[in-house]
Amino acid sequence: MAILVLGGAGYIGSHTVYELIDAGRDVVVADNLLTGFRAAVHPKARFYLADIRDRQAMDRIFESEQIEGVIHFAASSQVGESMQDPLKYYDNNLGGTTVLLQSMVAHGVDKIVFSSTAATYGEPERIPILETDRTAPTNCYGETKLAMEKMMGWTSRAHGLRYVALRYFNACGAHPSGCIGEAHAPETHLIPLILQVPAGKRQEISVFGDDYPTHDGTCIRDYIHVTDLAQAHILALDYLLAGGESNVFNLGNGVGFTVQEVIQVAREVTGHPIPTRICPRRAGDPAQLVASAEKARSVLGWKPRYDDLKTIVATAWAWHKAHPNGFAE
Ligand code: UFG
């Protein structure tokens, strides 16, 4: 029996495929390669060029492979873009997941682990954030992810499908081997943008706002290594395979760092002074997002290995230094 990874050519998907194959699992990857890269797909995975909105393509995979469970990363994930083009997010994230679930139900595949996000909470009620806290997204991306969770909930009630939603905080870092890492075009995430400065691709890093109610005025986030996220998907799948009920888990280290602290860590890792420019706040950024991941630890037995930001940034730097053009070379 195989695990189907949708979006397995993307950043978190490709790292999860590496962990699954290292754990001896049989893996099938489907990706439309709109944002993912063929070169990011582990050579031992069977690859299908397919879009989750394409019902025939989904049916074909479930008919030609023996799939015991699905891990679903195939979605649009840029907060800013979701505000400019909300219908793209409804189409890809909700339309795509609708087609996928229809095909799963039709083929009797009833276990799915999928990417959700801290953006489902919006402005948090308290820090650290618990899974039971209020969900009130402040952007369209978070809204579609929350709607995906609800779609799974109703499908579960009607058809007995079981799901795990994993609400990631700030994914970062790269595979410790340096063979795969983060590559987005355009890049919008803090750590890869900071590392473009020592890589010689950018003069300085913009700091979006220094007047937040935090100890140095810059936003606090919970940075979690992509390999730790990948491990959580495997644990969540095993939890479902063992009969676990549908569930939602936060994935973070439970420790917050300000933007200025992340830049300082990157200076220490790279030995580069990394100049900064203070810019206006970016619309929609909450001052603080820090997870309580106690539930994932106690229910799934998840234990992040990379709890030190310096090590996390060092893995990202090793990847960016060796692959300045990502997967393009
Ligand atoms: N930031 C800067 N300068 C930059 C880029 C980012 O100061 O050039 C700041 C942001 O304002 C934010 C922090 O760095 O305070 C982190 O920003 P990212 O864009 O790296 O990440 P976000 O916290 O905005 O977004 C992440 C995920 C989203 C998810 C969101 C949950 O990437 O998918 O968390 O709120 F929706």
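Details of the structure are given in the entry above.
Quick look at the structure, then. Along each chain, residues carry numbers from 1 onward, in the same order as the chain's sequence is written. Since the coordinates come from a predicted model, pLDDT governs what is reported: local features require at least 70, and pairs of side-chain atoms require 80 or more to be given and counted, while whole-chain, interface and lining totals use all residues. Excluded from the side-chain calculations are hydrogens and water; all other atoms, namely the structure's heavy atoms, are used.

Let us now look at the packing of aromatic side chains. The pairing test for Phe, Tyr and Trp rings, Trp by its six-membered ring, is centres within 6.5 Å, and the orientation test on the planes gives stacked under 30 degrees, edge-to-face over 60, and tilted for anything in between. Using the criterion set out here, one finds 6 aromatic pairs in the structure. Between F114 and Y163 the ring centres are 6.4 Å apart and the planes differ by 50°, which places this aromatic pair in the tilted class. Taken as a pair, F114 in strand 5 (residues 111–117) and Y163 in strand 6 (residues 162–168) lie far apart in primary sequence, 49 residues in all. Across the pair, exposure class does not vary: F114 and Y163 are buried alike. Plain terms: the ring middles of Y239 and F249 are 6.1 Å apart, the flat faces sit at 90° to each other, and that makes the pair edge-to-face. Of the two residues, Y239 is situated in helix 7 (residues 226–241) and F249 in strand 11 (residues 247–251); the sequence distance between them amounts to 10 residues. Only protein chains enter the accessibility calculation, which uses a 1.4 Å probe; a residue whose area is less than 20% of its type maximum is buried, one above 50% is exposed, and one in between is partly exposed. Classification of Y239 by relative accessible area gives buried; the value is 15%. Through a chain of ring-to-ring contacts, three or more aromatic side chains come together here, namely F37, W319 and F327. Placement of a charge over a ring requires the Lys NZ or Arg CZ to be within 6 Å of the ring centre, with the centre-to-atom vector within 35 degrees of the ring normal. Above the ring of Y212, the side-chain terminus of R281 is found at 3.9 Å from the ring centroid. Helical segments are the DSSP runs of H or I of at least four residues, strand segments are the runs of E of at least two, and each set is numbered from the N terminus.

Any cysteine sulfur atom paired with another within 2.5 Å is treated as part of a disulfide. If you walk through the whole model with that rule in mind, you get 0 disulfides. There is no disulfide at C172, and the cysteine sulfur nearest it, in C219, is 16 Å away. Left unpaired, C179 is separated from the closest cysteine sulfur, that of C172, by 17 Å. Exposure remark for C179: the relative accessible area of 33% places this residue in the partly exposed category.

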